[in-house]
Amino acid sequence: MRGEFLGRAGRLLGGSLNPARTVRAVVELATELGWAATVVLADGTYAHGVRGGRTRIGRWEREALPRVLVDGLDGSASGEVERHHAGHFGGSGWNSLVELGEVAEAVTVRLSGSAVVGAVLVVWIASDDPAAVGDPDGAVLGEFADRAGMALAASLVHAQQVATAAALRESLLPGPLPDVAGLDFGAEYRPATGIGALGGDFYEVSPDGRALVFGDVVGTGARAAVVGGRVRQVLGALRLVGLPPRRALRVVNESLVESGDGRGGVVTAVVGVVEPRGDGGVRVELTGGGHLAPLVLRGDGSVRVVDVGGMAVGSVARAVFRSEVVELEPGESCVFYSDGITGARGGVGGEEYGLDRLRSLLAHCHVMPAPAVAERVVLGAQQWISGAGHGDVAVLVVRADPRRTGA
């Protein structure tokens, strides 16, 4: 019976890396050694269950805990299995879940594990409990505690790693688009590895809507996303100190080139300065760093290619960047896109989607709001590849919309 219990405990505890599920499993298994069990963590968080019942999770104030538990949490206890009279746990009203009158003794043991500082398991033993696993010398509980501590430690480490990865991923993904009077923004971002993943395409629009950057890192995946994130952050900082876009791109270029070991990366980018006009139109000054030419969608459905040009950022030490001004009349849009759109292969013979098809698609979008235009561009490329794999895809649309009053 002891061997069967420990074998089942090993299987159940090894099947989850979720801390909450792990601690519930510890409590549910421990109720086989007594009629009830409680796990208390260093911050007072507890899980308590009765055999055959549900496990409850809550939190107690450390000041209310009995001394035998505080000693275990602080490491003052021996670390071995210890048996206590039920009276040692009474008098403070800390645990209304246990009827101490039904308890013959309480057995405590610390849960060991490199990442678990202060976790104590209490097994509540009834005076007559023939269904409990026999453990007169505490050997089973001691071995179980070792396995439970390691399982809980592993789950806590995993949870911390997941939280750290999520925070890093969040910092590398494009931020939300602002809600600004007179302007309408729309965007789509779909990395090659799937929505919610990381890719080399990037964009950013300042909170006031007056500055934007759109670009593409040579490469894909997390490493490309890190480079793109660095470029966004540096350009944002340089904008805050008033550095003009062309000079800002030179600073970023020098930073990437000076890395010199391939970690800097090569980036194509377009930086825009957006200035709403009094008549409902918008003036957009574009500075190009070798990225694909933005497209201007006119009110009559015509599409103009804005060949800003410039050299890729990070490619050579003295890269040259160019600027051009675009005037958007009310209802007109400027569309930025990555090569995941124009380079998408599909149709008959695996042809590229290409600039001409993109211009033709946009000609039918001149009355759409910016988010709908961005979505339509991505949909067009997806229909072209018919479900085949694709590279990183990003689209950003800024539209002059005097009807919008902002937040």
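Worth saying up front: this structure is predicted, and the values here are computed from it rather than measured.

Chemist: Give a detailed account of the overall build of the protein, specifying residues and quantitative values.
Modeler: Helix and strand counts for the protein stand at nine helices and 18 strands. On C-alpha atoms alone, the protein measures out to a radius of gyration of 31 Å, which is more than a quarter above the 22 Å that the 2.2 N^0.38 rule sets for 407 residues. The principal-axis extents of the C-alpha atoms in the protein amount to approximately 90 × 50 × 45 Å. Counting every position in the protein, which comprises 407 residues, the buried fraction comes to 47%. By element, 52% of the accessible surface of the protein is carried by carbon and sulfur atoms, the whole surface being about 18,700 Å². Looking at the protein, you have 38 positive and 46 negative side-chain charges, and the mean spots of the two groups are 5 Å apart.

Chemist: Any details on the side chain of T268? Residues and values, ideally.
Modeler: Note that T268 resides in strand β10 (residues 267-276). Residue classification places T268 among the buried residues on the basis of a relative accessible area of 18%. Among the polar contacts made by the side chain of T268, one reaches the side chain of H291 at a distance of 2.8 Å. In this structure T268 touches F202, F214, G215, D216, G289, G290, H291 and A312, once residues within four positions along its chain are discounted.

Chemist: Describe the packing of aromatic side chains, listing the residues and the values that go with them.
Modeler: Inspection of the entire model under this criterion finds four aromatic pairs. Judged by centre distance (3.8 Å) and plane angle (10°), the ring pair of Y46 and W60 falls under stacked. With Y46 in strand β2 (residues 45-50) and W60 in the loop between β3 (55-59) and α3 (67-74), the pair connects residues that are 14 residues apart, well separated along the chain. Exposure remark for Y46: the relative accessible area of 11% places this residue in the buried category.

Chemist: Which residues make up the environment of H85, and what values go with them?
Modeler: Residue position: H85 is located in strand β4 (residues 82-85). Taking the relative accessible area as the measure of exposure, H85 reaches 53% and is therefore exposed. Expressed as a C-alpha distance, the spacing of H85 and L65, which sit 20 residues apart in the sequence, is 16 Å.

Chemist: For the pairing of strand β18 (residues 393-400), give the residues involved together with the corresponding values.
Modeler: Taken across its eight residues, β18 has eight buried, putting it largely inside the fold. One ladder, built from eight bridges, connects strand β7 (residues 183-190) with β18; its direction is antiparallel. By the bridge assignment for β18, E188 is matched with V395. Examined bridge by bridge, strand β15 (residues 333-337) and β18 share five bridges and lie antiparallel to one another. Bridging from a neighbouring strand, C334 pairs with V398 of β18.

Calculation notes
Residues numbered from 1 in each chain as written. Predicted model: local features only at pLDDT ≥ 70, side-chain atom pairs only at ≥ 80, totals over all residues. Heavy atoms only, no water. Helix = DSSP H or I, 4+ residues; strand = E, 2+ residues; numbered from the N terminus. Rg over C-alpha atoms; globule rule 2.2 N^0.38 Å. Buried < 20%, exposed > 50% of the residue type's maximum accessible area, 1.4 Å probe, protein only. Areas by Shrake-Rupley, 256 points an atom, 1.4 Å probe, with all protein chains shown as cover. Lys, Arg positive; Asp, Glu negative; His and termini not counted. Charge placed at Lys NZ, Arg CZ, Asp CG, Glu CD. Polar contact = N/O pair within 3.5 Å; in protein donor to acceptor, adjacent residues only side chain to side chain. Contact = heavy atoms within 4.5 Å. Phe/Tyr/Trp six-rings, centres within 6.5 Å; stacked < 30°, edge-to-face > 60°. Pairing = 2+ DSSP bridges.

Keep in mind these values describe shape, not function.
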